[in-house]
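Breakdown of the fold
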Amino acid sequence: MEKSSYDAVVVGAGLAGLMSAYYIAKDKHRVAVISKVFPTRSHSSAAEGGIAAYIKGNSDPNDNPDYMTYDTVKGGDYLVDQDAAELLSNKSGEIVEIMERWGALFNRQPDGRVAIRYFGGQTYPRTRFVGDKTGMALLHTLFERTSGENIDIFPEWFALDLVIDDSKRVNGVVAMEMKTMNPIFFKARAVVLATGGMGMLYRHTTNSYINTGDGYGMALRAGAPIKDPEFVQFHPTALYPSDILISEAARGEGAILKNVNGERFMTKYAPHKLDLAPRDVVSRAILTEVKEGRGYPGVYVGLDLTHLGEKYIKERLALAYEAAKTFAGVDAVNEPIPVRPAQHYYMGGIDVNTMGQNEEIKGLFAAGEAACVSVHGANRLGSNSLLETLVFGRETGITVSRYLSATPELSVDTNPEPILDEAYKFVKSESGVPFGEILEKLRDAMWDRVGVFRDEDGLREALSTITSLREKVKEMYVTDKSGVYNTEFFNALEMRNMMDLAVVIAKAALERRESRGAHYRLDYPKRDDANYLVHTLAYIRGNTVEITTKPVRMTRWQPEERVY
Amino acid sequence: MSSTAELQKGVIKEEKTEIVVKVKRFSKERGEWWQEYKLAVDRFTQITEVLRRIRSEQDPSLSYRAACHMAVCGSCAMKINGAPRLACKTLALDLVKRYNDNVITLEPMDRFPVVKDLITDMTEFYDKMYSVKPRLYPSPQVLEDKAQHRLRPEDQRLLWKYAQCIWCGLCVSSCPAVRIDEKFLGPAAHAKGFRFLADPRDTIQEERMKILLDSAWRCTYCYMCFEVCPREIEPVEAIKLTRTYTPPEGMSEVSRMGEKHTDAIKESITKSGKLMEAYVYGKAYGAGAIRDFVYFLASGRGKYLLVREKPVNNISEVKKLMGEAK
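For clarity, every value in this text was computed on a predicted model and none was experimentally measured. (Residues numbered from 1 in each chain as written. Chains lettered and ligands numbered in written order. Predicted model: local features only at pLDDT ≥ 70, side-chain atom pairs only at ≥ 80, totals over all residues. Heavy atoms only, no water.)

1. Digging into the overall build of chain B
Tallying secondary structure elements over chain B gives 17 helices and seven strands in all. Taking 326 residues into account, the globule formula puts the C-alpha radius of gyration at 20 Å, and chain B, at 26 Å, lies well above it. Projected onto its principal axes, the C-alpha positions of chain B cover 85 × 65 × 45 Å. Taking all 326 residues of chain B together, the buried fraction comes to 51%. Residue pairs in contact within chain B that sit at least 24 positions apart in sequence constitute 63% of those at least 6 positions apart. Accessible surface computed for chain B: about 16,100 Å², of which carbon and sulfur atoms make up 52%. (Helix = DSSP H or I, 4+ residues; strand = E, 2+ residues; numbered from the N terminus. Rg over C-alpha atoms; globule rule 2.2 N^0.38 Å. Buried < 20%, exposed > 50% of the residue type's maximum accessible area, 1.4 Å probe, protein only. Contact = heavy atoms within 4.5 Å. Areas by Shrake-Rupley, 256 points an atom, 1.4 Å probe, with all protein chains shown as cover.)

2. Topic: the overall build of chain A
A count of helices and strands for chain A gives 17 helices and 22 strands. Its C-alpha radius of gyration of 22 Å places chain A within 12% of the 24 Å reference for a compact globule of 564 residues. Projected onto the principal axes, the alpha-carbon positions of chain A cover approximately 65 × 50 × 50 Å. A total of 564 residues make up chain A; the buried ones form 71% of that total. Restricting to contacts in chain A with at least 6 residues of sequence separation, those with at least 24 account for 75%. A total of about 16,900 Å² of accessible surface is found on chain A, and carbon and sulfur atoms cover 49% of it. Side-chain charges of chain A comprise 67 positive and 76 negative groups, with the mean position of each set lying 2 Å from the other. (Lys, Arg positive; Asp, Glu negative; His and termini not counted. Charge placed at Lys NZ, Arg CZ, Asp CG, Glu CD.)

3. A short note on the packing of aromatic side chains
Summed over all chains, the structure comprises 31 aromatic pairs over all chains. Note on Phe-125 of chain B and Tyr-126 of chain B: the rings are 5.8 Å apart at their centroids and 70° apart in plane angle, and the pair reads as edge-to-face. Classification of Phe-125 of chain B by relative accessible area gives buried; the value is 4%. Three or more aromatic residues joined by ring pairs form one cluster here, namely Phe-38 and Phe-143 of chain A together with Phe-112, Phe-125, Tyr-126, Tyr-130 and Trp-167 of chain B. Cation over ring: Arg-30 of chain A sits above Tyr-6 of chain A, and NZ or CZ is 4.6 Å from the ring centre. (Phe/Tyr/Trp six-rings, centres within 6.5 Å; stacked < 30°, edge-to-face > 60°. Lys NZ or Arg CZ within 6 Å of the ring centre and 35° of its normal.)

4. Topic: the domain arrangement of chain B
Residues and elements named next belong to chain B. The domain architecture assigned to chain B consists of domain 1 (14-119), domain 2 (123-243) and domain 3 (253-321). The interface is formed by 15 residues belonging to domain 1 together with 16 residues belonging to domain 2. Summed over both partners, the interface of domain 1 with domain 2 buries about 1,200 Å², with 60% contributed by carbon and sulfur atoms. Counting every contact that joins domain 1 to domain 2 gives one salt bridge. The salt bridge involving Glu-124 is made with Arg-111; its shortest N-O contact spans 2.6 Å. Remark: the boundary between domain 1 and domain 2 carries three residue pairs in polar contact (both at pLDDT 80 or more). Elements supplying a minimum of two residues to the side of domain 1 that touches domain 2: strand E3 (77-80) and strand E4 (83-86). It is E4 that contributes the most residues to the side of domain 1 that touches domain 2, three residues altogether. (Domains from an automatic or database assignment. Buried area = accessible area lost by both parts, 1.4 Å probe. Salt bridge = Lys/Arg side-chain N within 4 Å of Asp/Glu carboxyl O. Polar contact = N/O pair within 3.5 Å; in protein donor to acceptor, adjacent residues only side chain to side chain.)

5. A closer look at the pattern of salt bridges
For the coordinates displayed, the defined rule picks out 91 salt bridges over all chains. Two residues, Lys-146 of chain B and Glu-144 of chain B, come together in a salt bridge whose shortest N-O distance is 2.8 Å. The residues Lys-146 of chain B and Glu-144 of chain B share a single accessibility class, namely exposed. Note that Arg-152 of chain B and Asp-155 of chain B form a salt bridge whose closest N and O atoms lie 3.2 Å from each other. With relative accessibility at 18%, the residue Asp-155 of chain B sits in the buried group. A single network of salt bridges, built from pairs that share partners, joins Asp-77, Glu-230, Asp-280, Arg-284, Arg-512, Glu-514, Arg-516, Arg-527, Asp-529 and Arg-562 of chain A.

6. A word on the environment of Met-276 of chain B
Residues and elements named next belong to chain B. Positionally, Met-276 belongs in the loop between helix H13 (253-272) and helix H14 (277-285). Met-276 sits in the buried class, given a relative accessible area of 10%. Residues Met-276 and Ala-264 lie twelve residues apart in sequence; the distance between their C-alpha atoms is 9.5 Å.

7. Quick look at the state of the cysteines
Residue and element names in this part refer to chain B. Counted under the stated rule, the structure contains zero disulfides over all chains. Of all cysteine sulfurs, the one in Cys-222 lies closest to Cys-175, which takes part in no disulfide; the gap is 5.9 Å. Between Cys-219, a free cysteine, and Cys-225, which holds the nearest cysteine sulfur, the sulfur-to-sulfur gap is 6.4 Å. Classification of Cys-219 as buried rests on a relative accessible area of 13%. (Disulfide = S-S within 2.5 Å.)

8. Some remarks on the sheet that holds strand E5 (residues 103-107) of chain B
Residue and element names in this part refer to chain B. The five strands lie next to each other as E2-E1-E5-E3-E4, forming an open sheet whose pairing is mixed. The outermost strands of the open sheet, each flanked by one partner alone, are strand E2 (31-41) and E4. Adjacent strand axes in the sheet meet at a mean angle of 30° when their direction is disregarded. As paired strands, E3 and E5 are joined by two bridges and run antiparallel to one another. Bridging across to E5, Ile-80 finds its partner in Leu-106. (Pairing = 2+ DSSP bridges. Axes fitted to C-alpha atoms, helices over the stretch in contact; angles between N-to-C directions.)

9. Some words on the interface of chain A and chain B
Interface size is often expressed as the accessible area that is lost when the parts come together. Taken together, the contact between chain A and chain B spans 88 residues of the former and 73 residues of the latter. In total, about 6,600 Å² of surface goes out of reach between chain A and chain B, with carbon and sulfur atoms giving 56% of it. The largest share of the area that chain A buries against chain B comes from Arg-41, Arg-101 and Tyr-209 of chain A, three residues that together contribute 13% of it. Across the contact surface, chain A and chain B share eleven salt bridges. Along the contact surface separating chain A from chain B lie 36 residue pairs in polar contact (both at pLDDT 80 or more).

10. Looking at helix H9 (residues 279-291) of chain A
One turn of an α-helix holds 3.6 residues; hence residues three or four places apart share an orientation. All names here are of chain A. For H9, built from 13 residues, the straight-helix expectation of 18 Å at 1.5 Å per residue is met to within 8% by its first-to-last C-alpha distance of 18 Å. The element H9 is largely enclosed, with a buried count of twelve among its 13 residues. Listed in full, the buried residues belonging to H9 are Arg-279, Asp-280, Val-281, Val-282, Ser-283, Arg-284, Ala-285, Ile-286, Leu-287, Thr-288, Glu-289 and Val-290. Among the residues trailing H9, Gly-293 stands out with phi positive, at a value near 85°. (Expected span 1.5 Å × (residues − 1).)

11. Observations concerning the packing of helix H4 (residues 123-131) of chain B against helix H9 (residues 187-197) of chain B
Residue and element names in this part refer to chain B. Direction vectors running N to C along H4 and H9 enclose 25°, while the axes themselves pass 8 Å from each other. As summarised for this structure, H4 and H9 are arranged roughly parallel, according to the angle between their axes. In the packing of H4 onto H9, the handedness of the crossing is right-handed. Here Phe-125, Lys-128 and Met-129 of H4 come into contact with H9, specifically with Ala-188, Ala-189 and Lys-192. For the contact of H4 with H9, the class distribution of residues is four nonpolar, no polar and two charged. (Parallel < 35°, antiparallel > 145°, perpendicular 65-115°, else oblique. Left-handed = near helix turned anticlockwise from the far one by under 90°. Nonpolar A, V, L, I, M, F, W, Y, C, P; charged D, E, K, R; others polar.)

12. What about the environment of His-272 of chain A?
Residues and elements named next belong to chain A. Considering the arrangement of structural elements, one finds His-272 in the loop between helix H8 (266-269) and H9. His-272 gets classed as exposed once you look at its relative accessible area, which sits at 70%. Here the alpha-carbon distance between His-272 and Asn-90, two residues 182 residues apart in the chain, equals 27 Å.

13. Brief notes about helix H5 (residues 134-146) of chain A
For H5 of chain A, with 13 residues, the first-to-last C-alpha span of 18 Å sits near the 18 Å given by 1.5 Å per residue. Most of H5 of chain A is tucked away, with 13 of its 13 residues classed as buried.

So this is what it looks like as structure tokens:
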């Protein structure tokens, strides 16, 4: 296999990946960015509502970074590492100012300063936004900025696996150019996994088709743990039936959820915060309304924007308006938008500290949704994910740069060939199961049994289904033998990544016998701090999932009852 | 057991319609062929979902690009029933209704070389996007954090319109000017270029004009980009606005000609209230037009040149409109 040497390789070219690459390259280290899609196609572009930031001199006069940390900690149902959340809040203003300087076209106040709006779970409004295409605006700004820097971007290259040596140290990554199917061993002392989320594990998701949890699979196979894998966020307002995200910005701007009787049902579930309660609370409220027969025929409720007026809707919520019109045939100016919960975000991820560093495998870093820095805990607040990608993308980049300066070049080469042999098995076999057969069953199992509401029986059933589906991956085969852009081959590799993660999620969800944030157990409806105020760490050892725990770091905020 | 599955049982049964999807496929090994798939869709099924289901349930070898399924990532540009569109922004049954045919054809975008099935090689597109220096060059004071930008809301709105380009390539795939003129940067790059040219926070305006102005005059105003852009960016409008900038030093031949052409049109209208083609041509191309006129005369169609254009009846009104009233 051909070899290409770099100091560091970043896998993923969304906001987190590009940001860390920028800060690695800034110190003159040689960095490659590998992405299975062209950078602007990354899922960061789909983020809509905004990015939370406390900006000194341009925030609500009563607000301060501590309120922001408190909101984040409480929003995450106290499974948040509070030092990480403090860092997130304290650096938020800075990060937004960097993006502004680089040309991001944030919406403005009449005096020309960056505007703000409310988002769920915020004590004071602090979400900065570019219409409701904030992620796209930031991704383009950052990509355009990095395209002028000394960073080698490899678009449409698929990363197969990490190369790890005998002393549990990263030696690089094997990746393949999708067009030519030519594999290269990218030798590097540090690898940043910034591969984003995993929505495709679920039947209903707002995520891109490309969100197949590739980084989680790679990390697990390399022996690194996934932290808090049982915490999957379901966004309350996905458009029915296409699962296209209707941004929380809609509710931030005043939209109201109504059941079939026209009642504002959130008064029952969150008397103070109402429609702007955190996402886990609102998702459960919607499904409870539906379950008790107050949904619209089918499974949805209405998101009412009509009182906001046409001009306001079209300017501030253009994408929501457009999506409802194009994909559900609903004119949001005149009638409520049909919405229901769908998988949206993964709080769990590759275990890293606040510097983006995994402490078990030397040279392994992760950032963004792929990582679990534990700023979101059991439930992420809206507009904290864009913020996380940039704040921790930068922290990770800076750490990698320091790590590289302190770490000597690798002397011996670890043989990367076994990674390729493993992958080629799928193309070599002449019969077996095509990936689609496994995929569709997995998505149903996850949605039906590892969804918004969970219980012991359902999770056991899911775990056994998933375990047997994971066995089937070994029998998977690729019908297409083409040597150019063979998407079926890459879909098969994605399938392997998805299965490795799925089994970990189901197992961890089964083992957490309490309800906290987005993990809701019908059989254990209360939070149980005495037994479960700990992070889950999950490893894959051969065919079994091994679960251990890790303490939650607390600085100033003791757990209290979470009411909104 | 009351899981999410149970909650899903009340789903409205949407009426399904059987459609036939004909895909123009290509692989290096096999060349080009058409393949048909049959499946049932409801009125909200996007073409991206059609493709996903074909791949998952019928033919895993079908290759295409798709990511966000909400028209912000620009991956799924292709030709659908002959027209350049985003697959995600197209509903299958809308096509069936509009074309009164349950057969839907999918082909790769025009202009770009086909790599595999619906996947095209967009290298040239990306290179042109990079060539307009698509990034803000703020003042050193701002970069060193000694000063902060302010941006008027109306400027933000204007720039944001053009910043929403999702690099899908549809406009370039349907642009006739790009096809014949390699010096034309194409609609997408112009939208992107103008977004920075017009940004009051930028500091390299002169350089941007050098990159953009000559090319801007190479657009033929056919409005295909306006027509096909899935984000309604209206790249041709960015080109029009770019033409209003005056270059810092000597104009290129093309932009000089372009401006003379515009002036000649204005003069023609002011004089006669009509667009006198021969007059405009002679004015804009000057001595260069003589050769063409000679050919024209030689072809025996000289009488057309001799037709005297009488001014329209209410020419004084026209002159008033053109700001030339005495």
